[in-house]
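Chain and residue survey
This is what each chain is made of:
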Amino acid sequence: MPRYAGPVVDPHQHFWDPTANDYPWLRPNEHIPFRYGNYEALKRRYLPPDYQADARGQNVCQTVYVEAEWNPDDPIGETRYVSDLAARFGLPNAIVAQAWLHRTDVADVLQRQAAFSLVRSVRHKPGGPRSPGEAGHTLMSEEHWRRGYGLLERHGLHFDLQTPWWNLNEAATLAQDFPATTIVLNHTGLPSDRSDAGLAGWHSAMAALAQQPNVRVKISGLGQPGEAWTATANRWIVRETIAMFGAERCMFASNFPVDGLCADFATIYEGFREIVADLSDASQASLFHNTARDVYGV
C-alpha cells in the first residue's frame, strides 16, 4: 500500500504567548517535573504561523487546540483568547477547553465553555499515583469530580483524558458508568516505561480500556527524553494500539509544540506514515483524518 497522502486533521496541538497571558508552568522561573525533561525551549510565543511553519508539507487542513494549563482562575479567558486566534488565522478549528470538574462553579464554567462555537471537549488531568506501584486513586473515583463529569452529557461535550496507563482501570469504570460521554485518551496512555514489564502493563491496561466502546485514542506523545523519535522505536506501540482499538477509534496527533522537544513535525508524521503504510486506504484515512474529524466535528 502507498503511504497516506491525503488531508490531515491534527487533533492535539497548543498555542500560547507567555509574554501576554499567564501559564503558570511557563513562567520564567517555574520548573515542573516534565516527562521530556528540560522544557525551557517551550517558554516562547507559539502561534498559528509558527505551527504552520512546523507543519509545512504535511497537508494539515484542520487542527484541534487542547487547553495549555492557562491560569486555572480564568478558564474562560483561554477559550476566548484561542477563539480570537481562530478568527484571525483560521486555526484552530475546534477547542478542548479547560474545566475543573471538582469545583463548585463547574456547572457555570461548562455552560459558558459550551457556548463557544469551537468547543467540543474539556480536559482536567485527574492526578493520582505517579507510578504503577504507588497506592491511591485519581479524581476519576471521587464522587464530587464524577458529579461534574456527569454534566458533560448535558452540553454534548467529550472528555479528553490525560493520565498514565496504570490509572486506566478507573477510566474504564468512568466510561462504563457514563456511556453517553466520549472519552478521548491523550498520548496513547503515556507508555513512557519501555521495559518489558512497563510495556506489558501498558498493553494490559489499554486492552481493558478498549472494551469500552465510547473511548477513542490519540496516538501521540511518544517521545523519549534524550532519544531520537523513530518509527522503529514506536512501531510496536502504534500498531498494538490500532490492533486493540481499531483504526476507526484512533487518530494520529502532533502534540506540537511540546513534542517538538523530541523531533520535528515531519519526522513524527512521516514516521506515522511509515508505520501504517501496509494498512488499507480506509484505515489510513481514519488514522490521519476521519476519526479526528468525526470526534471533534471539524
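Look above for the structure.
Residues numbered from 1 in each chain as written. Predicted model: local features only at pLDDT ≥ 70, side-chain atom pairs only at ≥ 80, totals over all residues. Heavy atoms only, no water.

It is worth spelling out the overall build of the chain at this point. Counting its secondary structure elements, the chain contains 10 helices and eight strands. Since a compact globule built from 298 residues should have a radius of gyration of about 19 Å, the 18 Å found for the chain is in line with a globular shape. Its C-alpha atoms give the chain principal-axis dimensions of roughly 50 × 40 × 40 Å. Sequence separation of at least 24 residues holds for 78% of the intrachain contacts in the chain that already meet a minimum separation of 6. (Helix = DSSP H or I, 4+ residues; strand = E, 2+ residues; numbered from the N terminus. Rg over C-alpha atoms; globule rule 2.2 N^0.38 Å. Contact = heavy atoms within 4.5 Å.)

For the structure shown, the criterion picks out 14 salt bridges. Linking E69 and K125 is a salt bridge whose minimum nitrogen-to-oxygen distance equals 2.4 Å. Highlighted residues: E69 in the loop between β2 (60-66) and α2 (75-89) and K125 in the loop between β4 (119-123) and α4 (143-150), separated in sequence by 56 residues. Given the relative accessible area of 30%, E69 is considered partly exposed. When its relative accessible area of 31% is taken as the criterion, K125 is described as partly exposed. The structure contains a network of salt bridges with shared partners spanning R3, R235, E270, R273 and E274. (Salt bridge = Lys/Arg side-chain N within 4 Å of Asp/Glu carboxyl O. Buried < 20%, exposed > 50% of the residue type's maximum accessible area, 1.4 Å probe, protein only.)

The subject of this paragraph is the packing of helix α6 (residues 168-177) against helix α7 (residues 196-209). It is the contact of α6 with α7, at a shortest axis distance of 9 Å, that shows an interaxial angle of 0°. Overall, the two elements α6 and α7 adopt an arrangement that is roughly parallel. Contacts between α6 and α7 pair L168, A171 and A172 from the former with A205, M206 and L209 from the latter. Its residues placed into classes, the contact of α6 with α7 shows six nonpolar, no polar and no charged. (Axes fitted to C-alpha atoms, helices over the stretch in contact; angles between N-to-C directions. Parallel < 35°, antiparallel > 145°, perpendicular 65-115°, else oblique. Nonpolar A, V, L, I, M, F, W, Y, C, P; charged D, E, K, R; others polar.)

Assignment of secondary structure puts D259 in the loop between β8 (250-252) and α9 (265-275). No salt bridge is formed by the buried D259, whose closest oppositely charged neighbour, R35, lies at an N-O distance of 4.3 Å. Among the polar contacts listed, one links the side chain of D259 to the side chain of N255, at a separation of 2.7 Å. For D259, the contacting residues outside a window of four places in its chain are R35, Y36, S220, G221, L222, S254 and I268. (Lys, Arg positive; Asp, Glu negative; His and termini not counted. Polar contact = N/O pair within 3.5 Å; in protein donor to acceptor, adjacent residues only side chain to side chain.)

Spatially, eight strands are ordered β1-β2-β3-β4-β5-β6-β7-β8 in an open sheet, and the strand pairing comes out parallel. For this open sheet the edge positions go to β1 (8-13) and β8, each flanked by a neighbour on one side alone. Strand-to-strand twist in this sheet, taken as the mean axis angle between neighbours without regard to direction, amounts to 25°. Bridge count between β4 and strand β5 (residues 158-161): three bridges; the pairing is parallel. For V122, the partnering residue across the bridge sits in β5 and is F159. The strands that helix α8 (residues 231-245) touches are β7 (215-219) and β8; relative to β7, the one it contacts most, it runs at about 165°. (Pairing = 2+ DSSP bridges.)

Here we come to the packing of α2 against helix α3 (residues 106-114). As a packed pair, α2 and α3 sit with axes 10 Å apart at the nearest point and diverge in direction by 5°. Considering the angle they form, α2 stands roughly parallel to α3. Within the contact between the two elements, α2 uses P75, I76, T79 and R80 and α3 uses V109, R112 and Q113. Of the residues contributing to the contact of α2 with α3, the split by class is three nonpolar, two polar and two charged.

Relative to the 21 Å expected for 15 residues at 1.5 Å per residue, α2 spans 22 Å between its end C-alpha atoms, a close match to the ideal helical length. P75, I76, G77, E78, T79, Y81, V82, S83, L85 and A86 are the residues of α2 that are buried. Looking at the packing, one finds that the buried side of α2 touches α1 (48-54), β2, β3 (94-98), α3 and β4. Where α2 ends, the next residue or the one after it, G90, has phi of about 85°, a positive value. (Expected span 1.5 Å × (residues − 1).)

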